[in-house]
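Spelled out, the chains give:
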Amino acid sequence: MTDTNPIRFEQSSREIERLYDRATTLARQPGSADRAADAWQAVVDHPCAWHHLDQADLYDELHQALRGAGRWDDAIAARRASIDAGYRSRPDPEADIAEILIDASRHNEAAALYEELRQRDPDDVWLYNSAAYAYTDVDNDLALQWVLDGIQVAIATGDHDQILPQLLDFTHTIWNNLNRQPDQHLLDRVTAFQADWSRPPPRPWPLTDPHHPERHPPCAHCGYHPDQPPEFPVTAPPAHPPTTPTATPDTARVAVAWFPHDAYLEATKRWPNFDGYDADGDHQAYSRRIEANTKALATIHGHNPSIAPVDITELIDYATEHDHDPGDGAARAGLAAELARNGQAISWPPGRNEACWCRSGRKYKKCCGPTPPRSFDDPQPGTSG
Ligand SMILES: [Zn+2]
Ligand SMILES: [Zn+2]
């Protein structure tokens, strides 16, 4: 920080925050696509944006806003800028460019890009899903071809992300659009595959490359020095004094117990209503409830809880050892705290563009991320997550 800087760091923080709030507000407002795009551009243009905000995410927002405003070429350029800044996703983020080309009726370019992406990663089921989606109602024959290819790939690769039900739903829609009878042979094949499905080893999820502002020289605008970054209050201070660990171990330890998919199905069989909701076997809805609870806890405690994946056998052993009922929230909470102490809990939240903690295979921002915190006025079903 020298006297030659036009503004002070604190002022740059306030300016960026104001521009960012304005852009996110406009982005949520129906009918203001153009203004939202301009507002995101204003964030990008601020000389301090590079050290305040993640560039991959920022250009991602800009690209979405420009796309919403129908400014196709600018949207494509912004998507490319986000990729250059480290944005990674499945499907490949260039699939968004192909979608924009379809929106812009540049069908030959779109088809060529999709083909290139397919060659780049032929096993990426999400690419087939996204292409089928983009072509639905535009060219239903092409949409059908993509979704059928996607089903083949999902079956051949073991359907790790459990995308088959979604692809099948899609296929029915397109058959319907084309006034075609469902292909019974295909349906039988999928049914047979699903009957003895077991999850194959995971495919690594392409994480967004972290932004490295330390490679930059100090900011000429506000004096921000990458080697001596100022301290930020990362989360809000606790709203009230923390509770004693013995009173509510699940919230005081701030590790939230969570059953992964198969354990959840087992848990709902053994302890229907274990989290205070009807055991409908909907693991996604259950994970969203965990997300809502975790966000609420983060607000109360002023730091982020972790999420502890709970295994049924482990839970029963823990409950026996500690004289708890294994179906009871106290047993889950106690085990969650132990898992957290042993470093076996998942840190939360993931980055917006990272794979969701709930293992759905989707990005956090497109999965549990948007779930609002549980309101403290909500009825509190069960004793813990
Ligand atoms: Zn600056
Ligand atoms: Zn999720």
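Everything numeric here is computed off the predicted structure, so don't read it as measured data.

Cut-offs applied
Residues numbered from 1 in each chain as written. Chains lettered and ligands numbered in written order. Predicted model: local features only at pLDDT ≥ 70, side-chain atom pairs only at ≥ 80, totals over all residues. Helix = DSSP H or I, 4+ residues; strand = E, 2+ residues; numbered from the N terminus. Buried ≥ 20, exposed ≤ 12 C-beta atoms within 10 Å, placed from the backbone. Contact = placed C-beta atoms within 7 Å. Pairing = 2+ DSSP bridges. Axes fitted to C-alpha atoms, helices over the stretch in contact; angles between N-to-C directions. Parallel < 35°, antiparallel > 145°, perpendicular 65-115°, else oblique. Left-handed = near helix turned anticlockwise from the far one by under 90°. Nonpolar A, V, L, I, M, F, W, Y, C, P; charged D, E, K, R; others polar. Core = buried A, V, L, I, M, F, W, Y, C linked by C-beta atoms within 7 Å. Expected span 1.5 Å × (residues − 1). Arc of directions from axis to C-beta.

Caption draft 1: A look at the overall build of the protein chain. Scanning the protein chain for helices and strands turns up 16 helices and two strands. Going through the 385 residues of the protein chain one by one, you find that 35% of them count as buried. In the protein chain, of all internal contacts separated by at least 6 residues, the share reaching a separation of at least 24 is 62%.

Caption draft 2: Molecular detail of the pairing of strand β1 (residues 255-258). Going residue by residue along β1, you find Ala 255 and Ala 257 tucked away on one face and Val 256 and Trp 258 tucked away on the opposite face as well. Pairing of β1 with strand β2 (residues 306-309) involves four bridges; the strand directions are parallel. Bridge pairing in β2 links Trp 258 to Pro 309.

Caption draft 3: Inspection of the packing of helix α1 (residues 9-28) against helix α2 (residues 33-45) at higher detail. Across the interface, α1 lies against α2 with an axial gap of 8 Å and an inter-helix angle of 160 degrees. Compared by their axis directions, α1 and α2 come out roughly antiparallel. For the pair α1 and α2, the sense of crossing is left-handed. Only Arg 35, Ala 36, Ala 39, Trp 40, Ala 42 and Val 43 of α2 make contact with α1, whose side of the interface consists of Leu 19, Tyr 20, Arg 22, Ala 23, Leu 26 and Ala 27. Split by residue class, the contact of α1 with α2 holds 10 nonpolar, no polar and two charged.

Caption draft 4: Inspection of the nonpolar core at higher detail. Core analysis: the largest hydrophobic core is formed by 47 residues, its most contacted members being Trp 40, Ala 98, Ala 131, Ala 132, Ala 143, Trp 146 and Val 147. When residues no more than four places from it in sequence are discounted, the contact partners of Ala 143 are Ala 132, Tyr 135, Thr 136 and Ile 174. Formed by 33 residues, the second largest nonpolar core is a distinct cluster that contains Trp 258, Ala 267, Tyr 318 and Ala 355.

Caption draft 5: Broad picture of helix α9 (residues 140-156). A rise of 1.5 Å per residue sets the reference length of α9, with its 17 residues, at 24 Å; its end C-alpha atoms lie 24 Å apart and thus fit the reference within 8%. For α9, every residue scored as buried is listed here: Leu 142, Ala 143, Leu 144, Trp 146, Val 147, Gly 150, Ile 151 and Ala 154. Those residues of α9 that are buried are in contact with α8 (125-135), α10 (164-177) and α11 (184-195). Of the residues one or two after α9, Gly 158 is the one with positive phi, at around 90 degrees.

Caption draft 6: Spotlight on unusual backbone geometry. Of the consecutive residues Arg 90 and Pro 91, the connecting peptide bond is found in the cis state with omega at 0 degrees. The omega torsion across Trp 348 and Pro 349 is -5 degrees, close enough to zero to call that bond cis. Within the secondary structure, Pro 349 is located in the segment after α16 (329-341). The backbone of Ser 105 shows a phi angle near 60 degrees, a positive value even though the residue is not glycine. Note that Ser 105 resides in the loop between α6 (94-103) and α7 (107-120). Overall, Ser 105 belongs to the exposed group, with 9 C-beta atoms counted inside 10 Å. Look at Asp 323: it is not a glycine, yet its phi comes out positive at around 60 degrees.

Caption draft 7: Spatial organisation of the environment of Ala 330. Structurally, Ala 330 is set in helix α16. Between the alpha carbons of Ala 330 and Ala 319 there is a distance of 8.9 Å; along the sequence they are 11 residues apart.

Caption draft 8: The packing of α9 against α10, seen in detail. Two elements in contact, α9 and α10, have axes whose closest approach is 9 Å; the angle formed by their N-to-C orientations is 155 degrees. Relative to α10, α9 is oriented roughly antiparallel. Remark: the crossing between α9 and α10 carries left-handed chirality. Along the contact surface, α9 presents Asn 140, Ala 143, Leu 144, Val 147, Leu 148, Gly 150, Ile 151 and Ala 154, while α10 presents Leu 164, Leu 167, Phe 170, Thr 171, Ile 174 and Asn 177. Residues that form the contact of α9 with α10 fall into these classes: 10 nonpolar, four polar and no charged.

Caption draft 9: Structural context of the environment of Gln 162. With respect to the helices and strands, Gln 162 occurs in the loop between α9 and α10. Considered as a pair, Gln 162 and Val 125 are 37 residues apart in the sequence and their alpha carbons are 9.9 Å apart.

Caption draft 10: Broad picture of helix α13 (residues 261-270). Those residues of α13 lying buried are Tyr 264, Ala 267 and Thr 268. Around the axis of α13, the buried residues are gathered within 95 degrees of arc, so they sit on the same side.

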